[in-house]
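Coordinates in review
Listed below, chain by chain, are the residues.
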Amino acid sequence: MRERLKIGIVGGGIGGTALAASLLQRNVEVHLFERAEGISEIGAGIQMTPNAVKVMKALGLLEPMLEVGFLPNAIVGRNWRSGRVTFRTPLKEVCPTLYDAPFIHIHRADLRRVLASAVPEAFTRFGMTCTGVTQHGKSAVARFADGSSFEADLIVGADGVRSAVRSALFGPEAPRFTGHMCYRALVPVEDVVGHVSPDASFWMGPKSHVVTYYVQGGKAVNIVAVAETARWVEEAWNVESSKAELLGAFQGWHPNVQRLFDQVETVFKWGLFDRDPMAGWSKGAVTLLGDAAHPMLPFLSQGAAMAIEDAFVLAAALDLNRQDIAAGLAAYEAERLGRTSRVQLEARERGRTYHLPSALSQMKRDFVYWMKSLVNPQATGIQANWVYEYDARKFDPRSSALVAA
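Rules used throughout
Residues numbered from 1 in each chain as written. Predicted model: local features only at pLDDT ≥ 70, side-chain atom pairs only at ≥ 80, totals over all residues. Heavy atoms only, no water. Helix = DSSP H or I, 4+ residues; strand = E, 2+ residues; numbered from the N terminus. Rg over C-alpha atoms; globule rule 2.2 N^0.38 Å. Buried < 20%, exposed > 50% of the residue type's maximum accessible area, 1.4 Å probe, protein only. Contact = heavy atoms within 4.5 Å. Lys, Arg positive; Asp, Glu negative; His and termini not counted. Charge placed at Lys NZ, Arg CZ, Asp CG, Glu CD. Patch = residues over 30% accessible without salt bridge, like charges linked within 9 Å, V, L, I, M, F, W, Y side chains within 5 Å. Areas by Shrake-Rupley, 256 points an atom, 1.4 Å probe, with all protein chains shown as cover. Salt bridge = Lys/Arg side-chain N within 4 Å of Asp/Glu carboxyl O. Phe/Tyr/Trp six-rings, centres within 6.5 Å; stacked < 30°, edge-to-face > 60°. Lys NZ or Arg CZ within 6 Å of the ring centre and 35° of its normal.

With that settled, the discussion passes to the overall build of the protein. Helices and strands together make up the secondary structure of the protein, namely 12 helices and 20 strands. Taking 405 residues into account, the globule formula puts the C-alpha radius of gyration at 22 Å, and the protein, at 21 Å, falls close to it. For the protein, with 405 residues in total, the buried portion stands at 57%. Across the protein, contacts joining residues at least 24 apart in sequence account for 74% of those joining residues at least 6 apart. Averaged over its 43 positive side-chain charges, the protein has a centre that lies 5 Å from the centre of its 41 negative ones.

With respect to the helices and strands, the residue N27 is situated in the loop between helix 1 (14-25) and strand 2 (29-33). The exposure class of N27 is exposed, given its relative accessible area of 52%. As for N27 and L5, which are separated by 22 residues in sequence, their C-alpha atoms are 8.8 Å apart. With near-sequence residues (within four places) excluded, N27 lies in contact with R4 and R322.

With that out of the way, let us pick up a nonpolar patch on the surface. There is a patch of nonpolar side chains on the surface, built from F367, V368, W370, M371, L374 and V375 and spanning about 640 Å² of accessible area. Within the element layout of this structure, F367 appears in helix 11 (residues 359-375).

A word on the packing of aromatic side chains. Summed over all chains, the structure comprises 15 aromatic pairs. Geometrically, the ring pair formed by F87 and Y369 is edge-to-face, given 5.1 Å between the ring centres and 75 degrees between the ring planes. Taken together, the residues F87 in strand 5 (residues 85-90) and Y369 in helix 11 connect sequence positions 282 residues apart. Here F87 matches Y369 in class, with each residue buried. Grouping aromatic residues by their ring pairs yields a cluster made of W80, Y183, F250, W253 and F261. The ring of F312 carries R26 above its face, with NZ or CZ at 4.8 Å from the centroid. Taking the ring centre of W386 as reference, the NZ or CZ of R342 above it sits at 3.6 Å.

Here it is as structure tokens:
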């Protein structure tokens, strides 16, 4: 008999639920604690890139995703004012062949429900706010605001960028405001409309950019509009904004963008925060996952994807090292630290290249895009083919590295 592990996961978002599903697949005892009272309908779209979809395939969840998702034709770069196409990276027709997985746009609530379908309700406790973590011998204890506690062989902090678990391990430290403010909105539509192409459209302008794509099987358009600002003054992570504020922030943009923004009814805004890469995420019988470990800007669409990869790799590492948690965590970090650090830093860099301030600098950037597209359309534009190629299913905990297929 293999040793029975007991794992406590603090945070029932995408990363925490993906970890629970991955551990249950390996017959590991899981207890998931989420501070919300249930799965919320509120949220926005997520670009599930092929590297994350590979994990969903391994969990048997690809078909449910496809039922509620949308397959974009391409990633298309557009000039903010003229609408001129500056690059085109094909997706729908090539991703299954190139990466063994499609590229899927999906609403966050739909993705949460798909993941939760692999985690029976008995394993999740809602309304549980973690206040800290302590360690006793070889085990760890998570403590909650209602006065309860939970002891396990391992506690995993998947509780976001302001993680209570991270603070308990490494001390309180505020995340860094990146100088970017993001508007998000959903616009219901009957089907694909003329002013929104069935792509992931990246409209790049001076010190700002807009991303639009379909979710909910094509029944809604997701808007991500990012502008640079000197400081974020709101105390909340997100606050309700207005159509007028959104339109005012993007005056002079292409008529298709203006028309879409004019259809907005509810819009939220929040500051974008990240942290510098860490040298390690684990201490004793506690570790971190997802945004708790490596919060990043959304400019490579990898926040959820990195958490899902983390979850699958951590589950595999723990499964093979049931009698040696430390060895499992070492294998997990050896595999994930370098990759997530690179994605964090590359996402910051995209914030610069998307927002070039002058027409001349934008022309030079777009010329480079055109030149790269002649060699390899997958290596132009946002240049994320190296991200999509990664396959967490090939992780071998015995060597702490990806092995050949």
